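# Observations on the three-dimensional arrangement
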Amino acid sequence: MSIPTHFRADRSTPGRPSLRGSPIQELFECPSPGGARYNIGMHVGIVGAGLAGLAAATELGNEGHEVTVFEAGDGPGGRVRTDLIDGYRLDRGFQILLDAYPECRELLDYDRLDLHRFKPGALIRYGGAFHRLGDPLREPAQLWSTLRSPIGSPADKLRVLAFRMNVSRGSVDDLWDGVGTTAIHRFERAGFSPKMIERFLRPLFAGITLDPELQGSSQVVNFVFRMLSTGDAAVPARGMGQISDVLASALPDNTISYQARASAVSTTTIAIEGGSESTFDAVILATDASEAARLAGSPDPGWNGVTSVWLATETPPIQEPLLVLNGEGSGPINSLAPMSVVSAEYAPAGKHLLVMSTPSTEPGIAQAMRAQLREWFGAVTDTYEELRIDRIEKAQPKQLPGHDARPALEINGLWIAGDHRRDASINGAIGSGRAVARALLSN
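Predicted model only: the values in this text are computed from it and were never measured. (Residues numbered from 1 in each chain as written. Predicted model: local features only at pLDDT ≥ 70, side-chain atom pairs only at ≥ 80, totals over all residues. Heavy atoms only, no water.)

## Topic: the overall build of the chain
- Scanning the chain from terminus to terminus reveals 13 helices and 23 strands.
- The C-alpha atoms of the chain give a radius of gyration of 23 Å, which matches the 22 Å a tight globule of 443 residues would have.
- Along the first, second and third principal axes, the C-alpha set of the chain runs to 75 × 45 × 35 Å.
- Residues classed as buried in the chain amount to 57% of the 443 residues present.
- In the chain, 69% of the contacts between residues at least 6 apart in sequence involve partners at least 24 apart.
- Carbon and sulfur atoms form 51% of the exposed surface of the chain, whose accessible area is close to 18,400 Å². (Helix = DSSP H or I, 4+ residues; strand = E, 2+ residues; numbered from the N terminus. Rg over C-alpha atoms; globule rule 2.2 N^0.38 Å. Buried < 20%, exposed > 50% of the residue type's maximum accessible area, 1.4 Å probe, protein only. Contact = heavy atoms within 4.5 Å. Areas by Shrake-Rupley, 256 points an atom, 1.4 Å probe, with all protein chains shown as cover.)

The structure is reproduced here in structure tokens:
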């Protein structure tokens, strides 16, 4: 429900007195479809302009409330940003959007983002060659080559189908029921052979969850596999940061204050380092896990890291929009993606952009990746220009077995949002921000 602008209280100044609890408040209340009463004219302060904070701000703004967002960085998006360097679009680490994410489907305008999709399946490096592992359900022409590939046995490929059917039953929320086990145990229990796990499943999930040991939650595996089975991996035409930019641009002017790091928060106040303290009707903490732990004492599950190397080239080594996975079981490269083949806008006209990644931030790892790339494609890779190395220690919060993907939305009266509070994904970040905003509205 959108509230007409003329019903909004004038609350443009942080710290001005609240209407809540006053007789005037009764004039600004209306029942929601669920029976809760929305407080029209609230002013909500949000710490963090990542996807969780932007989603919360969007939800609150759509219901007629004023929002002020404080962001420590110089732009929106948190970890989901894209930089334009010499005409190339470099995401902050290799990232993709799974377009089946339910929260993204509800909030994002895919047409406006102009999503460009990877082909289903992957190209697997194994035994000194590349092997196509397709998705015959969506590309029947790939059936024969997929069955013949040495990436697992024919029985393994039938188990993939059974796995897809299993995780696609019921609602998405059902996937988070119970405690779960580790990812590796989930794959073994599903009957996958060691060859299938090592050559395909391990590098696939090491790229998505940044967990090469597969010790993360099996519930995350179930969720991700369902998203892969029911949708495509994609990127916006102009980079992953376009998601953040579109959400931020839809907010009223001056909603977000950049380079404003919070030094302290309470249920109604936000103090900014080197600045003043502002008072609000409610405060949402939508930072990453470490910042939430610093400011509110919420649990910090720890982090998985990643190193991504961005390379410019005249001719891409991969001519199709396919994700390349390292199934060799050796060497630092985990995945490789020809970004300009997926979307031409990732590179200037006549040029191409390649990104290779590994779930490691060890010193020297980027140089080792360049050496392995040369083994794969030859001396021509020596001509590839290195545009940037992203070494990101805090790329994705860990989600070990027992992780509660539907925790309480408040801690000591402070609203907490972020992918560390749900599933560590774009879906989790957006869903968490929306859930906190809806809970605040009905409070």
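So much for the structure itself; the text now carries on.
## As for the pairing of strand β16 (residues 282-285)
- Side chains Ala282 and Ile284 project from β16 onto one buried face, and the interleaved Val283 and Leu285 project onto a second face that is buried too.
- Where β16 meets strand β23 (residues 414-416), two bridges bridge the pair, whose relative direction is parallel. Directly across from Leu285, in β23, lies its bridge partner Ile416. (Pairing = 2+ DSSP bridges.)

## Focus on unusual backbone geometry
- Located in the positive-phi region is Leu210, a residue other than glycine, with phi close to 55°.
- You can see Leu210 is positioned in the loop between α7 (194-209) and α8 (218-230).
- The backbone of Asn254 shows a phi angle near 65°, a positive value even though the residue is not glycine.
- Mapped onto the elements, Asn254 comes out in the loop between α9 (241-249) and β12 (256-257).
- Relative accessible area serves as the criterion here: at 75%, Asn254 is assigned to the exposed category.

## Considerations on the sheet that holds strand β9 (residues 122-126)
- In space, the seven strands of this open sheet follow the order β10-β9-β18-β19-β20-β17-β21, with mixed pairing throughout. What marks the edges here is a single partner per strand, and that holds for β10 (129-133) and β21 (385-397). When the angles between neighbouring strand axes are averaged without regard to direction, this sheet yields 25°.
- In this structure, β9 lies alongside strand β18 (residues 324-326), joined through three bridges in parallel fashion. Along β18, the bridge assignment pairs Arg125 with Asn326.
- Packing against the sheet, α7 makes contact with β9, β10, β17 (303-313), β18 and β21, and its axis sits at approximately 115° to β18. (Axes fitted to C-alpha atoms, helices over the stretch in contact; angles between N-to-C directions.)

## Details of the sheet that holds strand β8 (residues 115-117)
- In space, the three strands of this open sheet follow the order β7-β11-β8, with antiparallel pairing throughout. Each edge of the sheet is formed by a strand with only one pairing partner; in this case those strands are β7 (97-98) and β8.
- Here β7 pairs with strand β11 (residues 233-236) via two bridges, running antiparallel. In the strand pairing of β11, Leu98 is matched with Ala233.

## Examining the environment of Val220
- Turning to its location among the elements, Val220 is positioned in helix α8.
- Given a relative accessible area of 10%, Val220 falls into the buried group.
- Ignoring any residue separated from it by four or fewer positions in sequence, one finds Val220 in contact with Trp176, Thr209 and Gln399.

## Notes on the nonpolar core
- Among the nonpolar cores identified, the biggest contains 91 residues, and Ile46, Ile284 and Met339 are the most heavily contacted of them.
- The element best represented in this core is helix α13 (residues 426-441), accounting for eight residues.
- Leaving out residues up to four positions away in the same chain, Met339 has contacts with Phe94, Phe118, Val235, Trp310, Tyr346, Leu353 and Val355.
- Ranked by size, the runner-up nonpolar core spans 16 residues in total, among them Leu123, Leu311, Val324 and Leu354. (Core = buried A, V, L, I, M, F, W, Y, C linked by side-chain atoms within 4.5 Å.)

## Thoughts on the packing of α7 against α8
- Look at α7 against α8: their axes get within 12 Å of each other, and the N-to-C directions meet at 95°. By the angle between their axes, α7 is roughly perpendicular relative to α8. Along its contact with α7, which presents Leu201, Leu204, Phe205, Ile208 and Thr209, the element α8 presents Val220, Val221, Val224, Phe225 and Leu228.
- When grouped by side-chain class, the residues that make up the contact of α7 with α8 number nine nonpolar, one polar and no charged. (Parallel < 35°, antiparallel > 145°, perpendicular 65-115°, else oblique. Nonpolar A, V, L, I, M, F, W, Y, C, P; charged D, E, K, R; others polar.)

## Observations regarding the side chain of Thr307
- Along the chain, Thr307 falls in strand β17.
- Excluding residues that lie within four positions of it along the chain, Thr307 makes contacts with Met356, Ser357, Thr358, Ser360, Thr361, Ile365, Met369, Ile389, Asp390 and Arg391.

## What to know about the pattern of salt bridges
- Within the structure shown, the criterion is met by 29 salt bridges.
- One salt bridge connects Asp74 with Arg81, and the closest N-O pair in it is separated by 2.9 Å.
- Look at Asp74 and you get exposed, because its relative accessible area is 53%.
- A salt bridge links Lys351 to Glu314, with the shortest nitrogen-to-oxygen separation between them at 2.5 Å. (Salt bridge = Lys/Arg side-chain N within 4 Å of Asp/Glu carboxyl O.)

## Considering the packing of aromatic side chains
- All told, the structure shown has twelve aromatic pairs when counted by the stated rule.
- Between the aromatic rings of Phe163 and Phe225, the centroid separation amounts to 4.5 Å while the plane-to-plane angle is 55°, which identifies the pairing as tilted. With Phe163 in helix α5 (residues 154-167) and Phe225 in helix α8, this pair connects stretches of sequence that are 62 residues apart.
- Relative accessible area serves as the criterion here: at 3%, Phe163 is assigned to the buried category.
- Three or more aromatic residues joined by ring pairs form one cluster here, namely Phe163, Phe187, Phe192, Phe205 and Phe225.
- Over the ring of Phe130 we find Arg125, and its NZ or CZ is 4.7 Å from the ring centre. (Phe/Tyr/Trp six-rings, centres within 6.5 Å; stacked < 30°, edge-to-face > 60°. Lys NZ or Arg CZ within 6 Å of the ring centre and 35° of its normal.)

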